[in-house]
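Per-entry structural report
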Amino acid sequence: RYEPVHDVVAAQIHERRSQEVKEFNAFAGKLESDYERWERDNRAAGRLLPKLDLSKVEIFRKRLEQKEDWHKWSVLVEKSRRHHLKWKWFQRVGVILLIGISIAAGVGFLNADRERKKAEEATAEAKAQELAAQEANQKEQSQRKAVEAALARIQQAEADKILLQVDDILKRSEQLRSRQP
């Protein structure tokens, strides 16, 4: 009774194993061609393995190490791994620098804003002082004009008084002249 089920499971296992073997062989062939291209291009950095291939190397590592070409492939794999680690490091440094620049810009903006507010306050205070000085000056000028006007009235009154006295003296002098034969 269990033989047909066992045969089906065994067939699926065989298919899966054969699929895995096919994938491994295809990847080993790709690794060989990538290595040859890398060597042909004088070990150019542009020919290093992408991250996906490095992940596959880690998956198939034990089986790849059993291949006779592993010693030459391992150089390409290691250089690719180091290249990606270095690139990842540069990206992290770039992010850290970007964060640092952003923080510095934010602090600079806050300082500039604080200085702008101080300048606005100083400007407002200077304007208030100038306005107070103008008001004091206007008050002083109006007081001076009032004093000058009062002085002019006093002087006019004294001048009028003197003229009256002069008129009075002239009248008396005429009266005295008219009484004299």
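Summarised in this report is the structure supplied together with it. (Residues numbered from 1 in each chain as written. Predicted model: local features only at pLDDT ≥ 70, side-chain atom pairs only at ≥ 80, totals over all residues. Heavy atoms only, no water.)

A short note on the overall build of the protein chain
Operational definition: Put simply, DSSP marks the helices as runs of H or I at least four residues long and the strands as runs of E at least two long, and each gets a number from the N terminus on. Values of the radius of gyration come from C-alpha atoms, whereas the globule rule sets the reference at 2.2 Å times the count of residues to the power 0.38. Using a 1.4 Å probe on the protein chains alone, a residue whose accessible area is under 20% of its type maximum counts as buried, one over 50% counts as exposed, and one in between counts as partly exposed. For this analysis, residues touch if any pair of their heavy atoms sits within 4.5 Å.
Scanning the protein chain from N- to C-terminus turns up 3 helices and 0 strands. From first element to last, N terminus to C terminus, the protein chain shows the α and β order α-α-α. The C-alpha radius of gyration of the protein chain comes to 55 Å, more than 25% above the 16 Å expected for a compact globule of 181 residues. Across its three principal directions, the C-alpha atoms of the protein chain cover 180 × 55 × 15 Å. Relative to its full complement of 181 residues, the protein chain shows a buried share of 12%. Long-range pairs, those at least 24 residues apart, make up 68% of the contacts in the protein chain with a sequence separation of at least 6.

What to know about the packing of aromatic side chains
Worth spelling out the cut-off: Side-chain rings of Phe, Tyr and Trp (the six-membered ring for Trp) are treated as a pair once their centres are within 6.5 Å; stacked means planes under 30 degrees apart, edge-to-face means over 60, and tilted covers the remaining angles.
Summed over all chains, the structure comprises 4 aromatic pairs. Considering the side-chain rings of F27 and F60, the 5.9 Å spacing of their centres and the 35 degrees angle between planes classify their relative orientation as tilted. Here F27 is found in helix α1 (residues 3-40), whereas its partner F60 is found in helix α2 (residues 51-65), with 33 residues between them in sequence. Residue classification places F27 among the buried positions, given a relative accessible area of 5%. Take F60: its relative accessible area is 10%, and that puts it in the buried class. Grouped by ring-pair contacts, the aromatic residues F24, F27 and F60 constitute a single cluster.

That's the geometry; what it means functionally is another story.
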